[in-house]
Amino acid sequence: MGKDVKVEGARGLGASMAGLWRRLVRGRDEDREPSSPAAAVPARTWRRVDELLQAAAGEYDGEARARERVGQLLAFYQGAGDADRRVFLGRLEAGFGPGKAEVRKAIDAYLAARDDGDRVRAEGRLADSLESPRLRILRQFNLLPDGVHALVDMRADLYRLGADACPALEQDLLRLLTLWFDAGFLELRRIGWESPASLLEKLIRYEAVHEIKSWSDLRNRLDSDRRCYAFFHGRMPAEPLIFVEVALVRDIADKVQTLLDESQPTLDPESATTAIFYSISNAQAGLRGVSMGEFLIKRVVQQLLSEYPRLRNFATLSPIPGFSRWLDRQLAEAAYLARIPAEVQALLEGTGKSGMAAIQHCLSAELGGTAAQPALKAWLEGECAYYLAREKSGKHPLDPVGRFHFSNGASLGRINWLGDVSARGLRQSCGLMVNYIYALKNIERQHQDYAREGSLTLGADVERCLDAALRLRRARRPAGRPATRVEVS
């Protein structure tokens, strides 16, 4: 049975879906614009805010009073415009750090400790002195039913309005949210077509990898041979925190447009041997840096295996979001241009354009069926392998998606030519996509090797691409550059 679906017939959601879709699309546009600044807050209101903050930072005087104070602070913050939110966040940053004198005194006591007992007591006093009054204020938001969600949103505001201006506040929020959103507190739930419309709307809004273009597109992604799982938190029960979309197929996929094609026949999931993770989206900007993705993938693998024990392969079909930016920087260097193979240089020069514009022109010709360009394909795949395996930030891969999957114990299995021919895919990665392989028997060892040494495991196809790229660079390898340990699977 094909996957063509008429929106108006979708399981009782009816014509109201069209209105909901229009509202959602409007919401997307509105989200891009900063909120309008509110009228200036009177000085007496700021004095009251300061009084509430000082009281909340002081000695604990009962749950009822604490809840009332923090409720007033939250009501003020949520009713304020961006300008006043900046002032509020700045007050939290500037006025409520640890006391320097207390910290210094605790450090001196720790250094002067004469035995283990004194040292343990001094450590406790030092830890207490380092806990900022700001953290005490933030912790009290947990007393409110929507207080945890409010802090997640506050941290998202901090990024939107300029987190660099409030590094101590950002650090305290991250510390608190990391504790509250520990994996043990998260609930894994499957999202299906029968889920509440409000949740489906959020799925559309939060999808960050492959835009959901219509309700029929969404239904296709939730069909019987597809899965969507998300983590939820008990204090944010209606809000997905992070979600992954999975295709149950017979072979490792190499083109995302095929996976998203609504006209493709539906596969009996009982006959699937492979699970493809093709989109992972963080839904809450305020939880940036709070580790959840690695737990999500492992929990989903366990869930799928319990439901479909025939599954043998677990892999991603992943974007390479930093590849084009990196390649554009390389193309600005004369030494790099001189290393490009002559056949590729001739192709690029023949476009009458330069840099990434010439590459995009050649890719458009390839997509238009004008001519196959094997030299361009081989060169781009080699450069992509080099970027993923050799370009580092410290000891970790420069590419954020690669860093995530390698740290989880995956190997880089294959680079896929024209794996994503959407405008976004062509723009950010020259249409390339990659498969990271989660081989269950190797995950833990590869995770440990990556954590200890930064070593990456590459499949044979990727290794061949990397060798080709290294041959182009061998004559001009920068002196003193350390080699990266690479394993071939």
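Residues numbered from 1 in each chain as written. Predicted model: local features only at pLDDT ≥ 70, side-chain atom pairs only at ≥ 80, totals over all residues. Heavy atoms only, no water.

All right, on to the layout of surface pockets then. What the second largest pocket holds in volume is close to 1,100 Å³. Residue lining of the second largest pocket: 36 residues in total, with Ile280, Ser281, Asn282, Val401 and Phe404 positioned closest to the centre. Looking at the lining of the second largest pocket, the elements that each hand over two or more residues are β4 (274-282), α13 (293-307), α19 (400-407) and α20 (423-429). Sort the elements by how many residues they give to the lining of the second largest pocket and β4 lands first, with six residues. Classifying every residue of the lining of the second largest pocket by side-chain character gives 18 nonpolar, 14 polar and four charged. (1 Å grid on protein atoms, 1.4 Å probe; cavity = no way out; pocket = protein on both sides within 12 Å on 5 of 7 lines; lining within 4 Å. Points joined across faces, edges and corners; volume = space filled by probe spheres on them. Helix = DSSP H or I, 4+ residues; strand = E, 2+ residues; numbered from the N terminus. Nonpolar A, V, L, I, M, F, W, Y, C, P; charged D, E, K, R; others polar.)

Moving on, we come to the packing of helix α5 (residues 100-111) against helix α6 (residues 116-130). Two elements in contact, α5 and α6, have axes separated by 9 Å at closest approach and are oriented at 165°. One way to sum up the angle between α5 and α6 is to call them roughly antiparallel. The two elements α5 and α6 cross, and the hand of that crossing is left-handed. Residue-level contacts link Glu102, Val103, Ala106, Ile107, Ala109 and Tyr110 of α5 to Arg119, Ala122, Glu123, Arg125, Leu126, Ser129 and Leu130 of α6. (Axes fitted to C-alpha atoms, helices over the stretch in contact; angles between N-to-C directions. Parallel < 35°, antiparallel > 145°, perpendicular 65-115°, else oblique. Left-handed = near helix turned anticlockwise from the far one by under 90°. Contact = heavy atoms within 4.5 Å.)

Trans peptide bonds make up most of the peptide bonds, and negative phi angles are found at most residues other than glycine. One non-glycine residue with positive phi stands out, namely Leu418, at about 50°. Here Leu418 is to be found in the loop between β8 (411-416) and α20. In this structure Leu418 comes out as buried when scored by relative accessible area, which is 13%. In this structure, Cys430 is a non-glycine residue whose phi angle is positive, near 55°. Relative to the assigned elements, Cys430 resides in the loop between α20 and β9 (433-437). (Buried < 20%, exposed > 50% of the residue type's maximum accessible area, 1.4 Å probe, protein only.)

Membership of the largest hydrophobic core comes to 107 residues, with the highest contact counts inside it found for Phe88, Phe181, Phe323, Leu327, Ile359, Trp379 and Leu380. Of all the elements, helix α18 (residues 374-390) adds the most residues to this core, at ten residues. Setting aside anything within four residues of it in sequence, one finds Phe88 in contact with Trp46, Val49, Leu53, Leu73, Phe76, Tyr77 and Met154. Of all hydrophobic cores here, the second largest spans 16 residues; its members include Ile191, Leu200, Ala230 and Phe232. (Core = buried A, V, L, I, M, F, W, Y, C linked by side-chain atoms within 4.5 Å.)

Among all positions of helix α14 (residues 323-331), only Phe323, Ser324, Trp326, Leu327, Gln330 and Leu331 are buried. On an axial view of α14, the arc spanned by its buried residues comes to 160°, and they lie on one face. In the core, the buried residues of α14 are packed alongside α15 (334-339), α17 (355-367), α18, α20 and α22 (460-473). (Arc of directions from axis to C-beta.)

It is worth spelling out the environment of Leu466 at this point. In this structure, Leu466 sits in helix α22. For Leu466, a relative accessible area of 1% translates into the label buried. When the C-alpha atoms of Leu466 and Glu383 are compared, they prove to be 7.5 Å apart, with 83 residues separating the residues in sequence.

Quick look at the side chain of Arg85 now. By the secondary structure assignment, Arg85 is in helix α4 (residues 82-95). Setting aside residues up to four positions removed in sequence, Arg85 forms contacts with Tyr77, Gln78, Ala80, Asp157 and Leu161.

Before going further, it helps to examine the pattern of salt bridges. All told, the structure shown has 28 salt bridges when counted by the stated rule. One salt bridge connects Arg221 with Glu245, and the closest N-O pair in it is separated by 3.2 Å. Taken together, the residues Arg221 in helix α11 (residues 215-221) and Glu245 in strand β3 (residues 242-249) connect sequence positions 24 residues apart. Across the pair, exposure class does not vary: Arg221 and Glu245 are buried alike. (Salt bridge = Lys/Arg side-chain N within 4 Å of Asp/Glu carboxyl O.)

Mapped onto the elements, Ala332 comes out in the loop between α14 and α15. In sequence terms Ala332 and Gly355 are 23 residues apart; their C-alpha atoms lie 7.4 Å from each other.

Our focus in this paragraph is the packing of aromatic side chains. Tallying each qualifying case throughout the model produces eight aromatic pairs. On the basis of an interplanar angle of 55° and a centroid distance of 5.4 Å, the ring pair of Tyr77 and Phe88 is categorised as tilted. Of this pair, Tyr77 sits in helix α3 (residues 63-79) while Phe88 sits in helix α4, placing them eleven residues apart in sequence. According to the relative accessible area criterion, Tyr77 is buried, its value standing at 3%. Accessibility expressed as a relative area gives 1% for Phe88, which makes it buried. Ring geometry for Phe323 versus Tyr387: centroids 5.9 Å apart, planes at 50°, classification tilted. Here Tyr387 lies in helix α18 and Phe323 lies in helix α14, a separation of 64 residues in the sequence. Tyr387 shares its class with Phe323; the two are buried. An aromatic cluster is defined as three or more aromatic residues linked by ring pairs; in this entry it consists of Trp46, Phe76, Tyr77 and Phe88. (Phe/Tyr/Trp six-rings, centres within 6.5 Å; stacked < 30°, edge-to-face > 60°.)

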